Amino acid sequence: MIDADAGKSKTESDTQLPFEFEVSVQIIDRPRRFLTFESRNTFTNALTGDKLTRQLESQVSNKRRKIYHEHGNLLNFFTNPSEAVKKTIKKNLEKSKLGPSSDKDKVSKLADDVSKVKISKPAPVKKPATVSKPKQKINLDLELKKKNEKPNLSFVVIGHVDSGKSTMTGRLLYDLNIVDSKTLHKLTKESESIGKASFSLAWIMDQTSEERNRGITVDICQTQFETKQSSFTIIDSPGHKDYVPQMINGVTQADLAIAIIDASSFESGFIADGQTKEHLTIAKSLGIEKCILLINKMDVVGWSKDRYDEIKGQLTEFLTDELKYVKDDLIFLPASGYLGDNIVKKSKNLPWYSGSSLIELLESENKSVNHKIDKKSPFVMTINDVMESSKNDELTVSGRINSGLIQPGESISISPSQQTALIHSITITKSNVGSSLVKNEAQKLAIEGEFVELKLKKLDNWENIKVGDLCSLANNPIKPCNKFSCELQCFELTRLLLIGTPFVMFRNNISIPARLSSIELVNGKKNKKKHLRSNTVSTVTIEILERDMPLLTFGENKKLGRVVIRKDGFTVAAGKILDLLHE
Amino acid sequence: MKLISQEFEKDKSGKITLVAQDKDDLWTLYNLISKDDEITLRTQRNIKKKSTNSAASATTIRKTIKLTLNVESNEFLPSDESMRIKGRTTEQNDDVPLGSYHTAEIQFDEKFTLHKDNWDEQYLKLVSDSCSIEAKAELGAVVLEEGVAHVCLITDSMTVLRAKVEKSIPRKRRGDSSGHDKAMDKFLSMCVDSCLRHLNVDHLKAILIVSPGFTAKLLLDKIMARAVTDGNKTLLQSKSKFVIAGSSTGYLQGLEEALKSPELKKQLSDTKFQQHVALFDEFTKYLNDDEGKAWYGEAEVEKAVMELQGAVKVLMITDTLFKTDDIQKRKHFIELGDKVKEDGGEVVIFSSLHDSGEQLNQLTGIAVILNYPVPNLDESDDEDD
Ligand SMILES: Nc1nc2c(ncn2[C@@H]2O[C@H](COP(=O)(O)OP(=O)(O)OP(=O)(O)O)[C@@H](O)[C@H]2O)c(=O)[nH]1
Ligand SMILES: [Mg+2]
């Protein structure tokens, strides 16, 4: 008789096997520390269109989703093949006509290898939220008052490529003596040796060999410092078109933007696809209401007031007319980052300018910002960097607290992996003006707006913690999802925004492929079309491809509830998350 | 595909014997084979044999048997590069009872015979296109950015993601970027490994490396450095096959973006894949300019083709629309195509296994570019908002 390879249910279950096979087998060479995996299936959704395959894939992804919920974590499941999965792999390898499948010995070796991969234990099926008390009882109001004596203001430095962002940032740190002359001397010698002497100040921020050899910034660089009255976080961002994603990351961590404008070549950044316009548009779309416009390289244009006024006029028009900035929220100043004019020291070359230097402006901005925090607002923090630890259940993560407050001893939940961890300690890294010493101070309390490092303990599995994850209190976990409704503002487009066409969506420091899945309203009217035109405001449903993401609505958080959409290298739309569509 | 023989009757019924040679052929067959066709092929089965030694239990032997199936459904698994057919046997033999259900896979380099009651023009075109001797161009592509890379194969009819490499890269810090640099180096090495494992450079026409910034260049340098240390002559000699292009993202959509750049457009203009990307882009551009020169949707297309003679420059349609059990519908789409060609237009069939085809599918799967603007083509049914 025939080995019954027939019948409906059999065929269906067969079709699901390759998925597991792919993902599991590819991870054999995975290095211990970093999370890597290869899979062909993760993107097949977008690559296939026929009905059957799609059906199939929805089966697989349903299954995936189910696994996700049952085990708390997808990757965990796949990096940790159960006996059943191992059997499946073996069986499937034998069946498959691909690659090593014909060789039985190899097959079992593969399957064994899979099981040998050092695997961390899977997240428990359901773990009751462990809510732990702060280690130390503190007088909250007193601690808050202390914090508010030196509030933190975060600002991002943005602008077209080569406008002098890194040089200005380096100059600021140098003139505040946070970078000592020995360090600068060394950088000057090094930059001279490769014929890039003019970049010595920029190299304070531009660290990697890539950045130094090419003379452009690639990723953001953040530094914290304290003056007598205030505390600041400065984030230098890249200006090159290709690195707008990194710049967006910087903007999402800032309260205020300093746009650096090159007075000698203002026009090249101000054309339609120049980054002066794009950066300012993004900043406004992500909720930056106040902007310092630093007209830089005034030395190159002979400290000309006419040139300054001309640029100021054009920018004001663009910012107020097109981006709807309030005129009073725009502060202009002429400067030279390279020479240091009007950065920390008042310029002698600009007698016609009677305003403040940059540092004075920042001090007064910090005072005018309302730092009052609502003690009851829920704790949320975005992870911005993950630092290795030698222990499996420990990890240090850094990030900015988006809302609420937190103390050592409390336990948190990390989404989307939905793990819990205990906060062992909280530190803040900063320098004092006048000293190049970098301090790492332990905190009894950390509040909204602060950049902190959290040392986590009792983690289920550190491998699943990624940049962009959201932390919240353990009794208030954030459930990830992959669909949401959104109020979307389209900018000037060269191609329509079509249903189904993938784009890159930015939310806080994450970027991820997504697409429109439906368009409900356009400019307030019911819509039947499958496309969006330039300068429309619409209500749409956005579907995130590849994975689920922890999301908050605009109502819940004014910063995390915003998204920016880029396609083919252009910023095409920005939106506010209205509702999460959990399945 | 290789055509072995064909035999047709006056009523357009008949059979064709074919041999599939690559995964593109499997996709063609997926679109060719439909419900109620009859297929005869050879397949391997485990047959239980009673052992001569009565004490021992039955042993299983592997045997090649001939099956003739009345097709109920078929499915294509791009990840697996396999195409399975499900149906009921219409012929009996020693090993197979009549009317039993079976699933069979089309094997490469194995003959099979397909009978259809109605070989329409579209079916015949599928066969003749895939049997044409024109060399098929297969491309490799790596789309990457710091921390994530996608290794793909691109054929005429599909884009297959072969591998995804991910690695978290620590941020640079003021005064120290060693963690970042080290992780980046490791990440690129992992990409090289993955490329060498999944892309057969010898066999490919070109390999595109696409990224924002300089990452693509760094990867190519690393691949070539590896070729030197490994003494890999084929790889060294294939250096000119590698093409670097820019994109704004390392996600897969970066591939399409790069293909729209003038440099690659020129370089790959002879591949179907690139042509479809360019055509879809042209379509969306017209759509944006709103001159009434581009329309999508069955009703709109129908109107343009049937009522405005000679207006259609290109009819774009996905293979998904033809893959239907509704014979009338299929016939209708074929008629639309015929009419367009008759009137001097062009018909382009998009593969839904490419991103461009998937995107067209999301826009109803059918669209036209017109020779001249017709602003209110959709008037009758769209003014009630
Ligand atoms: N003359 C003059 N040159 C300047 C000034 N500021 C910056 N530069 C020069 O402009 C060039 C670019 O400076 P960067 O600081 O790297 O510019 P950037 O805006 O950080 O560039 P990206 O990060 O790559 O976008 C360097 O050669 C600097 O020396 C200035 O105020 N005056
Ligand atoms: Mg820079």
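Since the model is a prediction, treat every value here as computed from it, not as a measurement.

Student: Help me out: how do you make sense of the overall build of chain B in this one?
Tutor: Secondary structure summary: chain B contains 13 helices and 16 strands in total. In terms of overall dimensions, chain B has C-alpha extents of about 80 × 75 × 40 Å along its principal axes. In chain B, which comprises 385 residues, the share counted as buried stands at 55%. Relative to all contacts within chain B whose residues are 6 or more apart in sequence, the contacts with residues 24 or more apart total 65%. Approximately 16,900 Å² of chain B is accessible, and the part contributed by carbon and sulfur atoms is 47%. With 52 positive and 66 negative side-chain charges, chain B shows a separation of 10 Å between the mean positions of the two kinds.

Student: Help me out: how do you make sense of a negative patch on the surface in this one?
Tutor: A contiguous patch of negative charge on the surface is contributed by B:Glu7, B:Glu9, B:Asp11, B:Asp36, B:Glu72, B:Asp117, B:Asp325 and B:Asp326. Tracing the backbone through its elements, the reader meets B:Asp117 in the loop between β7 (111-116) and α2 (121-131).

Student: I keep staring at the side chain of B:Ser211 and nothing clicks. Help me out?
Tutor: When you line up the elements, B:Ser211 lands in strand β11 (residues 206-211). Polar contacts involving the side chain of B:Ser211 include one to the main-chain amide nitrogen of B:Ala216, which spans 2.8 Å.

Student: So what exactly am I meant to see when it comes to the sheet that holds strand β12 (residues 242-246) of chain B here?
Tutor: All names here are of chain B. Strand order in the open sheet formed by five strands is β10-β9-β8-β11-β12, with mixed pairing between adjacent strands. The open sheet is flanked by β10 (159-166) and β12, the only strands paired with a single partner. Averaged over all pairs of adjacent strands, the angle between their axes in this sheet comes to 20°, without regard to strand direction. Inspection of the sheet shows strand β8 (residues 139-145) paired to β11 by five bridges, in the parallel sense. Along β11, the bridge assignment pairs valine 143 with valine 210.

Student: Can you help me understand the packing of helix α11 (residues 244-251) of chain A against helix α13 (residues 275-285) of chain A in this one?
Tutor: In a pair of packed helices, the angle between the axes and the distance between the axes together describe the arrangement. Residue and element names in this part refer to chain A. Running from N to C, α11 and α13 point in directions that differ by 40°, and their axes come no closer than 10 Å. By the criterion of interaxial angle, the relationship of α11 to α13 is oblique. Seen along the crossing, α11 lies across α13 with a hand that is right-handed. Seen from α11, the contacting residues are Val244, Met247, Ile248 and Val251; seen from α13, they are Gln275, Glu278, His279, Ile282 and Ala283. Per-class residue counts for the contact of α11 with α13 are six nonpolar, two polar and one charged.

Student: Is there a simple way to explain the environment of A:Val161 in this structure?
Tutor: Residue and element names in this part refer to chain A. Structurally, valine 161 can be placed in the loop between β1 (152-158) and α8 (165-175). On a C-alpha basis, the gap between valine 161 and histidine 240 in space is 4.9 Å, while along the polypeptide they are 79 residues apart. When near neighbours in sequence (up to four residues on either side) are disregarded, valine 161 contacts Ile216, Gly239 and His240.

Student: Honestly, the side chain of A:Glu363 in this entry has me stumped. Any pointers?
Tutor: All names here are of chain A. Mapped onto the elements, glutamate 363 comes out in helix α15 (residues 358-368). For glutamate 363, which is buried and forms no salt bridge, the nearest opposite charge comes from lysine 367, at a distance of 4.7 Å. At 2.7 Å, the side chain of glutamate 363 forms a polar contact with the side chain of threonine 227.

Student: Where do I start with the coordination of the magnesium ion (ligand 2) in this structure?
Tutor: As a benchmark, a tetrahedral metal site with four donors has ideal angles of 109.5 degrees, while an octahedral site with six donors has ideal angles of 90 or 180 degrees. Residues and elements named next belong to chain A. Around the magnesium ion (ligand 2), the protein supplies Ser166 (OG) and Thr217 (OG1) as donor atoms, at distances of 2.0 Å. In this pair, serine 166 sits in helix α8 while threonine 217 sits in the loop between α10 (209-214) and β2 (221-226), placing the two residues 51 residues apart along the sequence. The exposure class assigned to serine 166 is buried, which follows from its relative accessible area of 7%.

Student: Can you help me understand helix α8 (residues 272-289) of chain B in this one?
Tutor: Think of an α-helix as 3.6 residues a turn; residues three or four steps apart then line up on the same face. Residues and elements named next belong to chain B. With 18 residues, α8 should cover 26 Å at 1.5 Å per step; its first-to-last C-alpha distance of 26 Å lies within 8% of that length. Along α8, the residues that are buried comprise Phe273, Gln274, His276, Val277, Leu279, Phe280, Asp281, Phe283, Thr284, Tyr286, Leu287 and Asn288. Immediately downstream of α8, the backbone of aspartate 290 shows phi near 55°, a positive value.

Student: Would you take a moment to explain the site of ligand 1 for this structure?
Tutor: Residue and element names in this part refer to chain A. If you check the shell around ligand 1, you find 20 residues, and the closest are Lys165, Thr167, Ser198, Thr217 and Asp299. Between ligand 1 and aspartate 299, the relevant distance is 2.8 Å, taken from a nitrogen atom to a side-chain nitrogen or oxygen of the residue. For ligand 1, the accessible surface in isolation is 650 Å², of which the surrounding protein chains cover 92%. Per-element tally for the shell around ligand 1: the top contributor is α8, with three residues. Considered class by class, the residues forming the shell around ligand 1 number six nonpolar, 10 polar and four charged.

The rules behind the values
- Residues numbered from 1 in each chain as written.
- Chains lettered and ligands numbered in written order.
- Predicted model: local features only at pLDDT ≥ 70, side-chain atom pairs only at ≥ 80, totals over all residues.
- Heavy atoms only, no water.
- Helix = DSSP H or I, 4+ residues; strand = E, 2+ residues; numbered from the N terminus.
- Buried < 20%, exposed > 50% of the residue type's maximum accessible area, 1.4 Å probe, protein only.
- Contact = heavy atoms within 4.5 Å.
- Areas by Shrake-Rupley, 256 points an atom, 1.4 Å probe, with all protein chains shown as cover.
- Lys, Arg positive; Asp, Glu negative; His and termini not counted.
- Charge placed at Lys NZ, Arg CZ, Asp CG, Glu CD.
- Patch = residues over 30% accessible without salt bridge, like charges linked within 9 Å, V, L, I, M, F, W, Y side chains within 5 Å.
- Salt bridge = Lys/Arg side-chain N within 4 Å of Asp/Glu carboxyl O.
- Polar contact = N/O pair within 3.5 Å; in protein donor to acceptor, adjacent residues only side chain to side chain.
- Pairing = 2+ DSSP bridges.
- Axes fitted to C-alpha atoms, helices over the stretch in contact; angles between N-to-C directions.
- Parallel < 35°, antiparallel > 145°, perpendicular 65-115°, else oblique.
- Left-handed = near helix turned anticlockwise from the far one by under 90°.
- Nonpolar A, V, L, I, M, F, W, Y, C, P; charged D, E, K, R; others polar.
- Donors = N, O, S within 2.8 Å, 3.2 Å for Na, K, Ca; no water.
- Expected span 1.5 Å × (residues − 1).
- Near = heavy atom within 4 Å.

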